[in-house]
Amino acid sequence: MTPRKVPVTAIAAPRRRASAASPPARLTDLHAALAAWFAREARDLPWRAADRTPWGVLVSEIMLQQTPVVRVLPVWEEWMRRWPHPSDLAAEPAGEAVRAWGRLGYPRRALRLHAAAAVITREHDGELPTIEEGLLALPGVGTYTAAAVAAFAFGGRATVVDTNIRRVHARLVGGEALPAPSLTAAEQRRAAALLPEDRAESVVWNAAAMELGALVCTARSPRCSECPVAADCAWLAAGEPPPTYTPRGQAWHGTDRQVRGAIMAVLRAAEHGVPRALLDDSALATVSDSAADGVGPAVARLKALQAGPEQRERALAGLLADGLAVEADGVLRLP
DNA sequence: AATACGTGGCG
DNA sequence: TCGCCAAGTAT
């Protein structure tokens, strides 16, 4: 690998390609049309700004996993203000990351981001790996995030495949309403085949396809009248056929997962932990509004779930096993 | 390969 | 109201 530094500049529409062995004109047109749309319509997100850092991009990508942009924005801002460099986060207890994570959901992501910061600090001299292979080795970084960071932080040519891009490809090229329930090898090959050869163009293509999926080619009620590539869309050409399967909902009500979430809220609210006995039936029953330390509302929420003691026990055991909670002397706290 | 894992807004 | 959905990962 060439150990050169890749300048971090704003993701912008690329210059015209130097035509060598060029792809079919159709694909080139598609690339150009989407790039033009992206240059015009892309949201002004802080992790896309010219002053962004690779660390900031990684933080954004982890936070954005299964989580809407609007919810991530304020947490990302505060996170970067407090921990501008991986070593800043690595110097803190993991619990601080979990608390700062707030209500973004999937708090194990905060734990893994903290662990990733430790690996970056300890094994990479505080600098992020610049290619997918190195990024993949970091906790919490899978195929999508590795490709996204390689592309958006380092300007690399990587095949980025997220839920937006899968949906855009399924419609635009595949002629289907929705992609398969899980990522297939055929989809990955298709995404690789669609990627511009030119490195800078590939970055824009990846970002633009994601943005199109987020703003226009949405899962429900796509805004096809605003779509810059509607004329090329196989799904529109096919008469907008309906999905061939019905997505199965994510179970939530009454699940252990819901109880985990409520217990996590209690732990986040308690600066110095809570007695394990607080989660017992008798203690929960009397807690009501004895909210001297701010845990009251969170405890009330937990109580409202009316989970049985065995379910609370099971949920707590899961949190302890995952390292999201620790217990010492009968007191539960963040790690 | 299927499943577990949070949260809150929207149609 | 309620199910769907949001820049997935790890096991």
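Residues numbered from 1 in each chain as written. Chains lettered and ligands numbered in written order. Predicted model: local features only at pLDDT ≥ 70, side-chain atom pairs only at ≥ 80, totals over all residues. Heavy atoms only, no water.

Chain A is annotated in an unreviewed UniProt entry as A/G-specific adenine glycosylase from Sinomonas flava. We quote the UniProt Cofactor (unreviewed entry) comment for chain A here in full: "[4Fe-4S] cluster". Of chain A, the UniProt comment under Sequence similarities (unreviewed entry) reads exactly: "Belongs to the Nth/MutY family." (UniProt positions renumbered as here; feature names shortened; annotations may be inferred.)

1. As for the overall build of chain A
In terms of regular secondary structure, chain A is built from 16 helices and three strands. Across its three principal axes, chain A shows a C-alpha extent of roughly 70 × 50 × 30 Å. For chain A, long-range pairs separated by at least 24 residues make up 67% of all intrachain contacts whose partners lie at least 6 apart in sequence. Approximately 17,200 Å² of chain A is accessible, and the part contributed by carbon and sulfur atoms is 54%. Separation of charge centres in chain A, based on 38 positive and 36 negative side chains, amounts to 4 Å. (Helix = DSSP H or I, 4+ residues; strand = E, 2+ residues; numbered from the N terminus. Contact = heavy atoms within 4.5 Å. Areas by Shrake-Rupley, 256 points an atom, 1.4 Å probe, with all protein chains shown as cover. Lys, Arg positive; Asp, Glu negative; His and termini not counted. Charge placed at Lys NZ, Arg CZ, Asp CG, Glu CD.)

2. Brief notes about the protein's contact with DNA strand B
Around DNA strand B sit 18 residues, and of these Arg71, Arg103, Tyr106, Pro107 and Arg260 come closest. One of the side-chain N or O atoms of arginine 71 is found 2.5 Å from a base oxygen in DNA strand B. At a separation of 3.0 Å, a base nitrogen of DNA strand B approaches a polar backbone atom of leucine 104. Contributing elements (two or more residues each) for the surface near DNA strand B: helix H6 (108-123) and helix H13 (256-269). When grouped by side-chain class, the residues that make up the surface near DNA strand B number four nonpolar, five polar and nine charged. (Near = heavy atom within 4 Å. Polar contact = N/O pair within 3.5 Å; in protein donor to acceptor, adjacent residues only side chain to side chain. Nonpolar A, V, L, I, M, F, W, Y, C, P; charged D, E, K, R; others polar.)

3. Considerations on the domain arrangement of chain A
Assigned domains within chain A: domain 1 (25-237) and domain 2 (256-333). Computed over C-alpha atoms, the centres of domain 1 and domain 2 are 34 Å apart. Tallying the contact residues gives eight residues for domain 1 and 12 residues for domain 2. Summing both sides of the interface, domain 1 and domain 2 together bury roughly 830 Å²; the carbon and sulfur share of this comes to 46%. Of all residues in domain 1, the largest losses of buried area upon contact with domain 2 belong to Arg99, Arg103 and Leu111, amounting jointly to 53% of the total for that side. The partner of glutamate 271 in a salt bridge is arginine 99, with the nearest N and O atoms 3.9 Å apart. (Domains from an automatic or database assignment. Buried area = accessible area lost by both parts, 1.4 Å probe. Salt bridge = Lys/Arg side-chain N within 4 Å of Asp/Glu carboxyl O.)

4. Focus on the nonpolar core
One finds Trp55, Leu58, Met63, Trp79, Leu113, Leu212 and Ile263 to be the most contacted residues of the largest nonpolar core, which totals 97 residues. Viewed by domain, this core spans two of them, domain 1 (25-237) and domain 2 (256-333), each represented by three or more residues. The contact partners of methionine 63, leaving out residues within four places of it in the chain, are Val72, Val75, Trp76, Trp79, Trp101, Leu104 and Arg109. (Core = buried A, V, L, I, M, F, W, Y, C linked by side-chain atoms within 4.5 Å. Buried < 20%, exposed > 50% of the residue type's maximum accessible area, 1.4 Å probe, protein only.)

5. Considerations on the side chain of glutamine 311
Looking at the secondary structure, you find glutamine 311 in helix H16 (residues 309-322). The exposure class assigned to glutamine 311 is buried, which follows from its relative accessible area of 11%. Here aspartate 256 takes part through its side chain, which lies 2.9 Å from a polar atom of the side chain of glutamine 311. Those residues in contact with glutamine 311 that sit more than four places away from it in its chain are Gly254, Thr255, Asp256 and Val259.

6. Regarding H6
Counted at 1.5 Å a residue, the expected span for H6 with its 16 residues is 22 Å, and the 22 Å between its end C-alpha atoms agrees. Considered for burial, the residues of H6 that qualify are Arg109, Ala110, Leu111, Leu113, His114, Ala116, Ala117, Val119 and Ile120. Packing partners of the buried residues in H6 comprise helix H2 (54-64), helix H3 (69-82), helix H4 (86-90), helix H5 (94-101) and H16. Phi for aspartate 125, located one or two positions after H6, is positive at around 55°. (Expected span 1.5 Å × (residues − 1).)

7. Thoughts on the sheet that holds strand S2 (residues 326-328)
Spatially, three strands are ordered S1-S3-S2 in an open sheet, and the strand pairing comes out antiparallel. The outermost strands of the open sheet, each flanked by one partner alone, are strand S1 (274-275) and S2. Where S1 meets strand S3 (residues 331-333), two bridges bridge the pair, whose relative direction is antiparallel. Across the sheet, proline 275 pairs through a bridge with valine 331, a residue of S3. (Pairing = 2+ DSSP bridges.)

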